[in-house]
Amino acid sequence: MSSVPTSSAPSHDAAPVPRAPRAETPLQRVCKDFFASRLAVLGLVLLLLAIGVAVLAPWIAPQNPYDIGNLDIFDSKLPPGSANADGTMTYWLGTDGQARDLLSAIFYGMRTSLVVGGVSVVAALAIGAFVGLMAAYFGGWVDAVLMRIVDIQLSLPSILVALVLLAALGKGVDKVIIALIIVQWAYFARAARGAALVERAKEYVEAARCMGLSSTRVMLRHMLPNCMPPLIVIATIDLAHAIALESTLSFLGVGVPVTEPSLGMLIANGFEFLLSGSYWISFFPGIALALTIIGLNLVGDHLRDVLNPHNVH
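Cut-off values and rules
Residues numbered from 1 in each chain as written. Predicted model: local features only at pLDDT ≥ 70, side-chain atom pairs only at ≥ 80, totals over all residues. Heavy atoms only, no water. Helix = DSSP H or I, 4+ residues; strand = E, 2+ residues; numbered from the N terminus. Expected span 1.5 Å × (residues − 1). Buried < 20%, exposed > 50% of the residue type's maximum accessible area, 1.4 Å probe, protein only. Arc of directions from axis to C-beta. 1 Å grid on protein atoms, 1.4 Å probe; cavity = no way out; pocket = protein on both sides within 12 Å on 5 of 7 lines; lining within 4 Å. Points joined across faces, edges and corners; volume = space filled by probe spheres on them. UniProt positions renumbered as here; feature names shortened; annotations may be inferred. Contact = heavy atoms within 4.5 Å. Salt bridge = Lys/Arg side-chain N within 4 Å of Asp/Glu carboxyl O. Phe/Tyr/Trp six-rings, centres within 6.5 Å; stacked < 30°, edge-to-face > 60°. Axes fitted to C-alpha atoms, helices over the stretch in contact; angles between N-to-C directions. Parallel < 35°, antiparallel > 145°, perpendicular 65-115°, else oblique. Nonpolar A, V, L, I, M, F, W, Y, C, P; charged D, E, K, R; others polar.

Enquirer: Explain helix 2 (residues 38–55) to me, using residue names and the numbers behind them.
Expert: The first and last C-alpha atoms of helix 2 sit 26 Å apart over 18 residues, in line with the 26 Å expected at 1.5 Å per residue. The complete set of buried residues in helix 2 reads Ala40, Gly43, Leu46, Leu47, Ala50, Val53 and Ala54. Looking straight down helix 2, one finds that the buried residues subtend no more than 165° of arc, so they occupy a single side. The outward face of helix 2, more than 90 degrees from its buried face, is lined by the exposed residues Arg38, Leu48 and Leu49.

Quick look at the structure:
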């Protein structure tokens with residue numbers, strides 16, 4: 001009895017070999033963890049809304065509030081929802097004492113506040129990061145001298161230092177930016193030094209030094225990228241602090257000039273009318289400032305948790 005030959009062809013019903021799941025990149029992990037928080041998303045929405053309003057102000061603002069030719073003094077201190085004398089425009093948030101549409105003034109004031117805060121934070125980050133890297137990399141007397149300067153800077157109240165500097169420099173957007181840079185750079189220097197001390201002890205730094213690379217290249221090309229996560233968190237939170245400080249200085253009358261008002265200047269313009277019933281002149285710019293700062297703090301606080309190396313899965 002002959003045996004029936006069996007086929008050696010593979011069966012088409014065989015189950016496919018499962019593929020290993022793709023590894024999650026650090027950026028994907030950060031985005032996933034960040035957007036998992038509703039508060040973080042709310043903060044990001046508020047921040048993007050403030051930036052969008054500031055960038056698009058010339059196109060979306062109903063009025064150029066700083067074009068004197070378009071202002072009518074008879075429209076000053078109108079309550080929210082009022083129409084102008086011609087009936088061609090509605091002041092949804094009312095007008096201030098100079099007959100400016102508050103909605104438009106807030107849009108333009110947001111530009112000044114964000115530009116002053118953003119430029120000062122970026123410059124302070126660059127200066128502070130370089131100082132902190134130098135202190136950690138060279139150590140010894142360089143570290144001691146630089147950190148004592150940082151300690152002296154941090155021991156002084158920010159508002160006091162800014163007031164003294166602006167009293168000496170005078171008013172102006174550029175003067176306010178310089179004052180804010182001097183006030184803020186020490187925070188970044190201390191954070192950069194702490195992160196750089198950890199990185200300096202790692203093998204890749206020693207390997208780069210053995211290859212004969214310059215100290216500047218080792219610090220900026222190799223150590224700095226690994227020190228950036230805590231600096232990014234501080235920059236986000238410090239941006240809120242810079243905007244608040246600039247608004248405080250403008251409210252006190254030593255910040256930006258009247259020709260380039262910020263949110264703080266708009267609040268100051270309506271402060272004298274609070275007790276006379278014209279609350280909206282300070283109220284709405286204050287709400288815009290508060291929402292911007294809240295958004296920045298929510299984003300910064302959650303970035304701190306997401307970028308914490310101890311939370312890496």
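Enquirer: Pulling in residues and values, what's your account of the layout of surface pockets?
Expert: What the second largest pocket holds in volume is close to 240 Å³. Lining the second largest pocket are 14 residues, with Leu49, Ile106, Met110, Ala288 and Leu291 positioned closest to its centre. Residue assignment for the lining of the second largest pocket shows that the elements contributing at least two residues are helix 2, helix 4 (102–138) and helix 11 (280–306). Element by element, the count of residues in the lining of the second largest pocket is highest for helix 11, at five residues.

Enquirer: Summarise the UniProt feature "transmembrane region" (unreviewed entry) in the chain; cite the residues concerned and give the values.
Expert: According to UniProt, the "transmembrane region" (unreviewed entry) feature falls on residues 39–61, 114–138, 231–258 and 278–299. Helix makes up 100% of residues 114–138 and strand 0%. Its end C-alpha atoms lie 36 Å apart. The annotated region residues 231–258 carries 75% helix and 0% strand content, and the separation between its end C-alpha atoms amounts to 34 Å.

Enquirer: I'd like to hear about the environment of Arg148, residue by residue, with values.
Expert: Secondary-structure assignment places Arg148 in helix 5 (residues 140–155). Residues Arg148 and Ile177 lie 29 residues apart in sequence; the distance between their C-alpha atoms is 24 Å.

Enquirer: Describe in detail the environment of Ser247, supporting the description with residues and values.
Expert: Along the chain, the position of Ser247 falls in helix 9 (residues 215–251). Taking relative accessible area as the criterion, Ser247 reaches 4% and is therefore assigned buried. Note: C-alpha distance between Ser247 and Ile267 (20 residues apart in sequence) is 8.5 Å. Setting aside residues up to four positions removed in sequence, Ser247 forms contacts with Ser113, Gly264 and Leu289.

Enquirer: Requested: an account of the pattern of salt bridges, with residues and values cited.
Expert: Applying the stated criterion to the full structure yields seven salt bridges. A salt bridge links Arg100 to Asp96, with the shortest nitrogen-to-oxygen separation between them at 2.8 Å. The buried category is assigned to Arg100, whose relative accessible area is 6%. Note that Asp151 is salt-bridged to Arg190, the shortest N-O span being 2.2 Å.

Enquirer: Please provide a residue-by-residue account of the UniProt feature "domain: ABC transmembrane type-1" (unreviewed entry) in the chain, values included.
Expert: Under the feature "domain: ABC transmembrane type-1" (unreviewed entry), the UniProt entry names residues 110–300. For residues 110–300, the end-to-end C-alpha separation is 19 Å, with 84% helix and 0% strand making up the annotated structure.

Enquirer: Summarise the environment of Val45; cite the residues concerned and give the values.
Expert: Here Val45 lies in helix 2. Placed 250 residues apart in sequence, Val45 and Gly295 show a C-alpha to C-alpha distance of 7.5 Å.

Enquirer: So what's going on with the packing of aromatic side chains? Which residues, and what values?
Expert: All told, the structure shown has seven aromatic pairs when counted by the stated rule. Ring geometry for Tyr137 and Phe138: centres 5.2 Å apart, planes at 85°, overall edge-to-face. Owing to a relative accessible area of 43%, Phe138 belongs among the partly exposed residues under this scheme. Between Phe251 and Phe271, the aromatic rings sit 5.5 Å apart at their centres with planes inclined by 85°, giving edge-to-face as the arrangement. On the criterion of sequence distance, the pair formed by Phe251 in helix 9 and Phe271 in helix 10 (residues 263–271) is long-range, its members being 20 residues apart. On the accessibility criterion, Phe251 (34% relative accessible area) is partly exposed. These aromatic residues form a ring-pair network of at least three members: Tyr279, Trp280, Phe283 and Phe284.

Enquirer: Mind laying out the packing of helix 8 (residues 203–210) against helix 9, listing which residues take part and the relevant values?
Expert: Relative orientation of the contacting elements helix 8 and helix 9 amounts to 170°, with a least axis distance of 11 Å. The orientation of helix 8 relative to helix 9 falls into the category roughly antiparallel. Note on element contacts: helix 9 touches helix 8 through Val218, His222, Met223 and Asn226, opposite Tyr204, Val205 and Ala208. The class makeup of the residues in the contact of helix 8 with helix 9 is five nonpolar, two polar and no charged.

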